[in-house]
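Spelled out from the first residue to the last, the chains are:
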Amino acid sequence: MKQAILNIQGDRVLWAIAGLLALFSFMPVYSASSNLAYLYGDGNTFKYLVKHAVHLGLGFLIVYGVHKIPYNYFKGLSMIMLPIAIVLLVVTIAQGTTIGGANASRWIRIPVVGVTFQTSTLASVVLLSFVARYLAKIASKTYTFKETLVPLWLPVMTVVACILPANFSTAAIIFSMVIMLVFIGGYPLKYLVIIFATGLLFLSIFILAAKAFPGAFSNRVDTWTSRIENFLDDSENQKDNYQIERAKIAIATGGVIGLGPGKSVQKNFLPQSSSDFIYAIVVEEFGLLGAVGIMFAYLLVLARLIIISHKCEDIFGKLLALGVGLPIVFQALINMAVAVELFPVTGQTLPLVSSGGTSIWMTCLALGIVISVSVKATPKEKEDSEANPLDILSETI
């Protein structure tokens, strides 16, 4: 254990922030788990704390293992993993269940260990790594919009289309992050306008088709429109806005210093209090100080991402750090915005704080990649002399 700690490399501030967020998460997760214990009738809250500890433990093992991999290896790995991720998304849709006639096919069950895995989160990390590789490859070249359609935008649209029917918020976040990454990577703005307009066109067609033929395929279009309508409706409708109203009560009750750890009242009434709405529980128990502290932690993550990207001398490393790191901050801000009713309900968790294995593991995978970039930006001469099969694969295809 001591030797492993001594072997930790990379951005120490990012390591510290991730560790502090993980340690802090035990208090709100354990507090909010009483709701789960009541729902499932066993009354045992300790097992949820142990489960969360296991998830975090495995997550930081992922961070440690991934940060030891030279970041340039992810060029080839992204190409290998992208087809696998797309196949997993298709399998997830094929075996997914429906809830109230709506598509809820977000998870795939792993038979051997009996755990569920949300494939869209893996696809997000893989896709953004793939986009970073492609942008680095064409950075010094002159290209036309037509030349980028198949190698860049076909994989992006395929992944987004596979996720969209069951999880609009995740699909929208992935698409937005890709747009942001290619903009940072110097992709021409006029081409981006075409892609953005095309995306809106296909989304409109999908929504209209779902409305016109509601029984043709399962989807969550009615859920999306309902959430947006409720968000835009100023009148207080307790039935339709139950979650957000409870979250606002929790936040209003917190005050400046909060009620204290474990003393939340709304955790007993607020659905998804340990995951989607855990920020409301944090504010209720730790007040304005806890709310600002959590927000500051994620903004500090953003600052470290910018610093790591700036220090990296390799274009791929710069884009990779931002590509897989920015969604962590973006997702956190969306989660907090939902709790204070600045954004419609999305179902996005608070990275490293909310409970949930897949969310924690994929956040840790992304952090491991970012820390790998921060370890050392490989000089071009050394990269050429120490070429590996994964890099050769990515450069030749």
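About the cut-offs
- Residues numbered from 1 in each chain as written.
- Predicted model: local features only at pLDDT ≥ 70, side-chain atom pairs only at ≥ 80, totals over all residues.
- Heavy atoms only, no water.
- Patch = residues over 30% accessible without salt bridge, like charges linked within 9 Å, V, L, I, M, F, W, Y side chains within 5 Å.
- Areas by Shrake-Rupley, 256 points an atom, 1.4 Å probe, with all protein chains shown as cover.
- Salt bridge = Lys/Arg side-chain N within 4 Å of Asp/Glu carboxyl O.
- Helix = DSSP H or I, 4+ residues; strand = E, 2+ residues; numbered from the N terminus.
- Buried < 20%, exposed > 50% of the residue type's maximum accessible area, 1.4 Å probe, protein only.
- 1 Å grid on protein atoms, 1.4 Å probe; cavity = no way out; pocket = protein on both sides within 12 Å on 5 of 7 lines; lining within 4 Å.
- Points joined across faces, edges and corners; volume = space filled by probe spheres on them.
- Nonpolar A, V, L, I, M, F, W, Y, C, P; charged D, E, K, R; others polar.
- Contact = heavy atoms within 4.5 Å.
- Phe/Tyr/Trp six-rings, centres within 6.5 Å; stacked < 30°, edge-to-face > 60°.
- Lys NZ or Arg CZ within 6 Å of the ring centre and 35° of its normal.
- Axes fitted to C-alpha atoms, helices over the stretch in contact; angles between N-to-C directions.
- Parallel < 35°, antiparallel > 145°, perpendicular 65-115°, else oblique.
- Left-handed = near helix turned anticlockwise from the far one by under 90°.
- Expected span 1.5 Å × (residues − 1).
- pLDDT = per-residue confidence, 0-100.

The next subject is a nonpolar patch on the surface. A surface patch of nonpolar side chains, amounting to about 560 Å² of accessible area, comprises Tyr30, Phe46, Val50, Val54, Leu58 and Leu61. Among the elements that line the nonpolar patch, the one with the most residues is helix H3 (residues 46-67), at five residues. Looking at the secondary structure, you find Leu58 in helix H3. When its relative accessible area of 40% is taken as the criterion, Leu58 is described as partly exposed.

Applying the stated rule across the entire model yields three cavities of 30 Å³ or more. Approximately 60 Å³ is the volume found for the second largest cavity. Lining the second largest cavity are Leu14, Ile17, Ala18, Leu21, Tyr298, Val301, Ile328, Leu352, Thr363 and Leu367. Here the residues of the lining of the second largest cavity sort into nine nonpolar, one polar and no charged.

For the rest of this paragraph, the subject is the environment of Arg304. For Arg304, the position within the fold is in helix H11 (residues 278-311). With sequence-adjacent residues up to four places away left out, Arg304 is seen in contact with Asp11, Val13, Leu14 and Ile17.

Once that is clear, we can look at the pattern of salt bridges. Under the definition given, this model contains three salt bridges. Between Asp11 and Arg304 there is a salt bridge, with its nearest N and O atoms 2.5 Å apart. Of this pair, Asp11 sits in the loop between helix H1 (2-6) and helix H2 (12-39) while Arg304 sits in helix H11, and the two are 293 residues apart along the sequence. Residue Asp11 shares its accessibility class with Arg304, and that shared class is buried. Put simply, Lys248 and Glu245 hold a salt bridge, and the shortest N to O gap is 3.8 Å. Residue Lys248 and its partner Glu245 are located together in helix H10 (residues 242-254), separated by three residues, close to a single helical turn. You can call Glu245 buried: its relative accessible area is 10%. Among the charged side chains, a network of salt bridges with common partners joins Glu245, Lys248 and Glu341.

In the Ramachandran plot, Glu341 falls in the positive-phi region, its phi being about 60 degrees despite a non-glycine side chain. The phi dihedral of Leu352 is positive, around 70 degrees, even though this residue is not glycine. Here Leu352 falls in the buried class, since its relative accessible area comes to 5%.

Turning our eyes to something else, we now look at the packing of aromatic side chains. For the structure on display, the rule yields six aromatic pairs. When the ring of Tyr71 is compared with that of Phe316, the centres are 6.3 Å apart and the planes differ by 25 degrees; the resulting orientation is stacked. Separated by 245 residues along the polypeptide, Tyr71 in the loop between H3 and helix H4 (74-95) and Phe316 in helix H12 (residues 315-339) bring together distant segments of the chain. Ring geometry for Trp153 versus Tyr187: centroids 5.8 Å apart, planes at 70 degrees, classification edge-to-face. Here Tyr187 lies in the loop between helix H7 (168-184) and helix H8 (189-212) and Trp153 lies in helix H6 (residues 145-163), a separation of 34 residues in the sequence. Look at Trp153 and you get buried, because its relative accessible area is 2%. Accessibility expressed as a relative area gives 3% for Tyr187, which makes it buried. Among the aromatic residues, ring-to-ring pairing joins Tyr143, Phe145, Trp153, Tyr187 and Tyr191 into one connected group. The side chain of Arg246 reaches across the aromatic face of Phe269, ending 4.8 Å from its centre.

Mapped onto the secondary structure, Ser359 falls in helix H13 (residues 357-375). Setting aside chain neighbours within four positions, we find Ser359 in contact with Gln331 and Thr349.

Packing of H4 against H6 brings their axes to within 9 Å, and their N-to-C directions diverge by 25 degrees. It follows that H4 is roughly parallel to H6 by the angle criterion. The chirality of how H4 crosses H6 is left-handed. When H4 is examined against H6, the residues Leu82, Ile86, Leu89, Val90 and Ile93 are found in contact with a partner set consisting of Pro155, Thr158, Val159, Cys162 and Ile163. In the contact of H4 with H6, the residues fall into nine nonpolar, one polar and no charged.

Residue placement: His55 occurs in helix H3. Under the relative-accessibility criterion, His55 is labelled buried at 12%. Those residues in contact with His55 that sit more than four places away from it in its chain are Gly356, Gly357, Ile360 and Trp361.

Once that is clear, we can look at H7. Taking 1.5 Å per residue, 17 residues should reach 24 Å; H7 reaches 24 Å between its end C-alpha atoms and fits that length. By the burial criterion, the buried members of H7 are Ser169, Thr170, Ala171, Ile173, Ile174, Phe175, Met177, Val178, Ile179, Leu181 and Val182. Buried residues along H7 sit in contact with helix H5 (119-137), H6, H8 and H12. Downstream of H7 by a residue or two, Gly186 has a phi angle that is positive, lying close to 90 degrees.

Looking at the protein chain as a whole, the pLDDT averages 85, with 84% of positions reaching at least 70. Every residue in residues 97-104 scores below 50 in pLDDT, and together they form 16 contacts with partners more than four places removed in sequence or on other chains. Ignoring residues within four places in sequence, the model shows residues 378-387, a span with pLDDT below 50, making seven contacts including any to other chains.

Interaxial distance between H5 and H13 falls to 9 Å at its minimum, and their mutual angle equals 20 degrees. One finds that H5 runs roughly parallel with respect to H13. Viewed along their axes, H5 and H13 form a crossing whose handedness is right-handed. Mapping the contact onto sequence places Thr121, Leu122, Val125 and Ser129 in H5 and Thr358, Met362, Leu365 and Ile369 in H13. In terms of residue class, the contact of H5 with H13 is built from five nonpolar, three polar and no charged.

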